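Here are the chains, one letter per residue:
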Amino acid sequence: QVQLVESGGGLVQPGGSLRLSCATALTIFRLYTMNWYRQAPGKQRELVATITSSGRTNYADSVKGRFTISRDNAKKTVDLQMNSLKPEDTAVYYCNANTGSYNHWGQGTQVTVSS
C-alpha cells in the first residue's frame, strides 16, 4: 500500500525556491522520524534533512541555512522548504518515514535547478 506521496517538485531557476510536501497515511505518524533524501544522476542517495518525533531537526552541510524541514502531526505531513536553490540541488527527492520497526519510502519527485 502507498503510505507516502511526495509533491511539489519541478523546474526552478538558480536562486529560486520550491516547497516539497509528503502526504502520509501512517497511523502512528507522530512516532516516526521523517527524512528527506535525494539522489542525483550518477551519485549515491544522500540524507538531506531529518525531523524526529520530538521536532528536532538536522541537515546535510550542503543545504544547511537554505532548506527547512517541518512536520504537521495533525495533517500527517512533512514539508521541505528549499530556498536559494543551486544547480547541484538537482535530484530526485524522496520522503522517508522510519521507526525501529517500520521503514517507508515515497515514490520520489524530481527537482531540477537550471537556467
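Higher on the page you've got the structure.
The rules behind each value
Residues numbered from 1 in each chain as written. Predicted model: local features only at pLDDT ≥ 70, side-chain atom pairs only at ≥ 80, totals over all residues. Heavy atoms only, no water. Helix = DSSP H or I, 4+ residues; strand = E, 2+ residues; numbered from the N terminus. Rg over C-alpha atoms; globule rule 2.2 N^0.38 Å. Buried < 20%, exposed > 50% of the residue type's maximum accessible area, 1.4 Å probe, protein only. Contact = heavy atoms within 4.5 Å. Areas by Shrake-Rupley, 256 points an atom, 1.4 Å probe, with all protein chains shown as cover. Lys, Arg positive; Asp, Glu negative; His and termini not counted. Charge placed at Lys NZ, Arg CZ, Asp CG, Glu CD. Disulfide = S-S within 2.5 Å. Phe/Tyr/Trp six-rings, centres within 6.5 Å; stacked < 30°, edge-to-face > 60°.

Enquirer: I keep staring at the overall build of the chain and nothing clicks. Help me out?
Expert: Helices and strands together make up the secondary structure of the chain, namely zero helices and 11 strands. Listing the helices and strands of the chain from first to last along the sequence gives β-β-β-β-β-β-β-β-β-β-β. Radius of gyration (C-alpha) of the chain: 13 Å, near the 13 Å computed for a compact globule of 115 residues. Referenced to the eigenvectors of the C-alpha coordinate spread, the extents of the chain come out at roughly 40 × 30 × 25 Å. The buried share of the chain, taken over its 115 residues, is 44%. Taking the contacts inside the chain whose residues are at least 6 apart along the sequence as the reference set, 53% of them involve residues at least 24 apart. Summed over its atoms, the accessible surface of the chain is roughly 6,100 Å², and 47% of this surface lies on carbon and sulfur atoms. One way to put it: in the chain the 12 positive side-chain charges average out to a point 5 Å from where the 7 negative ones average out.

Enquirer: I would appreciate a short explanation of the state of the cysteines in the present structure.
Expert: Here a disulfide denotes a covalent bond joining the sulfur atom of one cysteine to the sulfur atom of another. Scanning the entire structure with this criterion turns up one disulfide. Covalent S-S linkage joins Cys-22 and Cys-95, the inter-sulfur distance amounting to 2.2 Å. Taking the sign of the torsion about the S-S bond as the criterion, the disulfide between Cys-22 and Cys-95, at about -85°, is left-handed. Here Cys-95 lies in strand S9 (residues 91-98) and Cys-22 lies in strand S3 (residues 18-24), a separation of 73 residues in the sequence. Of the two residues, Cys-22 and Cys-95, neither departs from the other in class, the shared state being buried.

Enquirer: Explain the packing of aromatic side chains here, please?
Expert: Within a pair of aromatic rings, the relevant descriptors are the distance that separates the centres and the angle that separates the planes. Tallying each qualifying case throughout the model produces one aromatic pair. Aromatic side chains Tyr-37 and Trp-105 sit 5.0 Å apart centroid to centroid with 55° between the ring planes, which places their arrangement in the tilted category. A residue pair is termed long-range when its members are at least 10 positions apart, and Tyr-37 in strand S4 (residues 33-39) and Trp-105 in strand S10 (residues 103-105) qualify at 68 residues. Judged by its relative accessible area of 37%, Trp-105 is partly exposed.

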